[in-house]
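A structural walkthrough
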Amino acid sequence: MHSLALSASLAMGLFTASGIAQCSRDLLIAATESLLAAQTEGTADTLSPLAESVTYLEQFKAADLATGILSTPVAVEFNRSLHDTTQCATYTEMIAPGGAHPYVLGTQMHLTPEGAITNISTLVTDQGDWLFNATGTFYWASREAWDVIPEDQRDSREVIQAAADAYADIFNDKSVTVPWGSPCARLEGGAYTGSGSASDRCDVGIPNGVALVNRRYVIDETIGAVDVFIDFASLPDSHEFRVEGGKIRFVHTLTVMA
Ligand SMILES: *[C@@H]1O[C@H](CO)[C@@H](O)[C@H](O)[C@H]1NC(C)=O
Ligand SMILES: *[C@@H]1O[C@H](CO)[C@@H](O)[C@H](O)[C@H]1NC(C)=O
Ligand SMILES: *[C@@H]1O[C@H](CO)[C@@H](O)[C@H](O)[C@H]1NC(C)=O
C-alpha cells in the first residue's frame, strides 16, 4: 500500500488487530441484519444490498434464492454474526428450536468493499442431520458468553485461525498440538461435551482418519471467533470457534447428513 494511503488508513482507524480492513464493520453489520430479517420473514427478495450477480449455495451446492431456505420463514430465537473486515465476509448462526420445523442454519456471505453481497452460502440442518436437536443447540448456545474482547487482549487473525486449523488437523493427525482451553466445550449439533462447568473439555470423542479439507474461514477478532466451512470428508460442515488468549473456549458444529 502507498504510504500516504497507509497513514490515511491509520488515521481513519481502519486497521484491525492484524490484517488491513477492506470494508467497514458497519456495512457488514447492515448485511447480517438484512440477512436475519429476510430469513426470519422468508423474504429472499428483501436481502440487500445485493451485487448485480449473486452466487447462492445451499449445502455447498448451487441453489435458487427464490426456492431456497431464505424464502422460508424461520423462527430464529438465537443468532450471532461474525464480521470479517479483512475479507469483507460474514458468518451468521441462526437457531430456530420452535415452530413447525426446527432448524439450525449457518450462513457465510462475501461482499464487495462497498458492501454489496456477492456470495451467500448456507448450511441448512434439521431433523436427521448429525446430532440435530435445535432445542439443545439453543439451550447451550444461549448460555455461553461470546462477549467482545477488550482490544488489548485480542488475538490476531493468525492465532485465531491457527487454533481452528489445529483442531481440524487432529482429525487426521493425532500428533498435532491443539490449544485446548480449560474449560472448553463443544456443541456438536445439539449435543454438548460439557455441562457449563469449569471442568468442561473438548478433547473428547474426536475420530481419526478424517480429512477436513477445503477450509473457508470467516474471522472476527473482536469476539475471538472464526467460522470454517469445511468438507468433513464428503459432508458439508461448519465449525465455529471462540478463542480466548490463543486457546479454544467454545466449538459449534453443523454437519449436513442428508
Ligand atoms: C439477533 O440477536 C440479537 C442479540 O444478539 C437480538 O437483539 C436480535 O433481536 C436477534 N435478531 C433476530 C432476528 O432474532
Ligand atoms: C463467489 O462466487 C463466485 C462465482 O460462483 C466464485 O467464483 C467465487 O469463488 C465465490 N467466492 C467465494 C469467496 O466463495
Ligand atoms: C434435546 O436437547 C434438550 C436440551 O438439552 C434435551 O432436554 C432433550 O432431551 C434433547 N432431545 C433429544 C432427542 O436428545
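**Thoughts on the packing of aromatic side chains**
Scanning the model with the defined rule gives nine aromatic pairs in all. Directly above the ring of tryptophan 146 sits arginine 80, whose terminal nitrogen or CZ lies 3.7 Å from the centroid. Stacked on the ring of tyrosine 139, the Lys or Arg arginine 143 has its end atom at 3.5 Å from the ring centre.

**A word on the side chain of threonine 32**
Examined against the element boundaries, threonine 32 turns out to sit in helix 2 (residues 25-41). Looking at threonine 32, its side chain comes within polar contact range of the side chain of histidine 83, at 2.8 Å. Contact partners of threonine 32, with chain neighbours within four places excluded, come to Ser81, His83, Thr90, Thr92 and Met109.

**Some remarks on the site of ligand 2**
Every residue close to ligand 2 is listed here: Thr55, His110 and Asn119. Coverage of ligand 2 by the protein chains reaches 33% of its 360 Å² of free accessible surface.

**Considerations on the sheet that holds strand 3 (residues 78-84)**
Taken in spatial order, the six strands line up as 2-1-6-5-4-3 in an open sheet, and their pairing is mixed. In the strand order of this sheet, the two ends are held by strand 2 (61-62) and strand 3, each with one partner. Bridge analysis of strand 4 (residues 89-96) against strand 5 (residues 103-111) gives eight bridges, and the strand direction is antiparallel. In the sheet register, isoleucine 95 faces strand 5, and the bridge partner there is valine 104. In the packing of helix 2 onto the sheet, contacts are made with strand 3, strand 4, strand 5 and strand 6 (117-125), and the angle to strand 4 comes to roughly 30 degrees. Strands strand 3, strand 4 and strand 5 of the sheet are contacted by helix 3 (residues 134-141), whose axis makes an angle of about 115 degrees with strand 4.

**Details of the confidence of the model for the protein**
Here the protein shows a mean pLDDT of 93. Residues at 70 or above account for 93%. The model gives residues 1-17 a pLDDT under 50, and that stretch makes 13 contacts with residues more than four places away or in other chains.

**Brief notes about helix 4 (residues 157-169)**
Between its first and last C-alpha, helix 4 extends 18 Å over 13 residues, near the 18 Å set by a 1.5 Å rise per residue. Turning to helix 4, its buried residues are Arg157, Ile160, Ala163, Ala164, Asp165, Ala166, Tyr167 and Ala168. Buried residues along helix 4 sit against strand 3, strand 7 (180-188), strand 9 (212-220), strand 10 (225-232), strand 11 (235-244) and strand 12 (247-255).

**Description of the pattern of salt bridges**
Summed over the entire model, instances satisfying the criterion amount to eleven salt bridges. The structure contains a network of salt bridges with shared partners spanning Arg80, Glu93 and Glu240.

Rules used in this analysis
Residues numbered from 1 in each chain as written. Chains lettered and ligands numbered in written order. Predicted model: local features only at pLDDT ≥ 70, side-chain atom pairs only at ≥ 80, totals over all residues. Heavy atoms only, no water. Phe/Tyr/Trp six-rings, centres within 6.5 Å; stacked < 30°, edge-to-face > 60°. Lys NZ or Arg CZ within 6 Å of the ring centre and 35° of its normal. Helix = DSSP H or I, 4+ residues; strand = E, 2+ residues; numbered from the N terminus. Polar contact = N/O pair within 3.5 Å; in protein donor to acceptor, adjacent residues only side chain to side chain. Contact = heavy atoms within 4.5 Å. Near = heavy atom within 4 Å. Areas by Shrake-Rupley, 256 points an atom, 1.4 Å probe, with all protein chains shown as cover. Pairing = 2+ DSSP bridges. Axes fitted to C-alpha atoms, helices over the stretch in contact; angles between N-to-C directions. pLDDT = per-residue confidence, 0-100. Expected span 1.5 Å × (residues − 1). Buried < 20%, exposed > 50% of the residue type's maximum accessible area, 1.4 Å probe, protein only. Salt bridge = Lys/Arg side-chain N within 4 Å of Asp/Glu carboxyl O.

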